[in-house]
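Residues per chain, in single letters:
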Amino acid sequence: VQLQASGGGLVQAGGSLRLSCATSGRTFSNYVMGWFRQAPGKEREFVAAITWSGGTTYYAGSVKGRFTISRDSAKNTVYLQMNSLKAEDTAVYYCAAGTPRIVVLMTSYTYWGQGTQVTVSS
């Protein structure tokens, strides 16, 4: 099972980036796909999640209205569209897959990608 995160980079405040998480090795149709992030010196935190089957979405309050999570079943890929980026969005972003009862809990996810760096300059 592999989750490959990509799409990070350096962007100015107010700009946009789209992260991708390509999955392989198994079917995730009954899974929840999540994005988490970890800034230097801080705990890893929940960003967004989506149920693969029904497309129900969940967002952290700090990104709601600016970020959009989606999935493309044909490509086995989950996306995180990030708009109106702020300096405080700077972090390594990780995608994860699991069957959590509580989607915001990092420990509930079974599979993790390697992370992609997002740096927002102010």
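Residues numbered from 1 in each chain as written. Predicted model: local features only at pLDDT ≥ 70, side-chain atom pairs only at ≥ 80, totals over all residues. Heavy atoms only, no water.

Draft legend 1. Representation of the pattern of salt bridges. Applying the stated rule across the entire model yields three salt bridges. Between R37 and E45 there is a salt bridge, and its shortest N-O distance comes to 2.7 Å. Of the residues examined, R37 reaches a relative accessible area of 5% and is grouped as buried. Ionic pairing is found between R37 and D89, a salt bridge with its closest N-O pair at 2.9 Å. Pair noted here: R37 is in strand β4 (residues 32-38) and D89 is in the loop between β8 (77-82) and β9 (91-98), with a separation of 52 residues, a long-range link. Residue D89 is classed as buried on the basis of its relative accessible area, which comes to 1%. A single salt-bridge network, built from bridges that share partners, covers R37, E45, R66 and D89. (Salt bridge = Lys/Arg side-chain N within 4 Å of Asp/Glu carboxyl O. Buried < 20%, exposed > 50% of the residue type's maximum accessible area, 1.4 Å probe, protein only. Helix = DSSP H or I, 4+ residues; strand = E, 2+ residues; numbered from the N terminus.)

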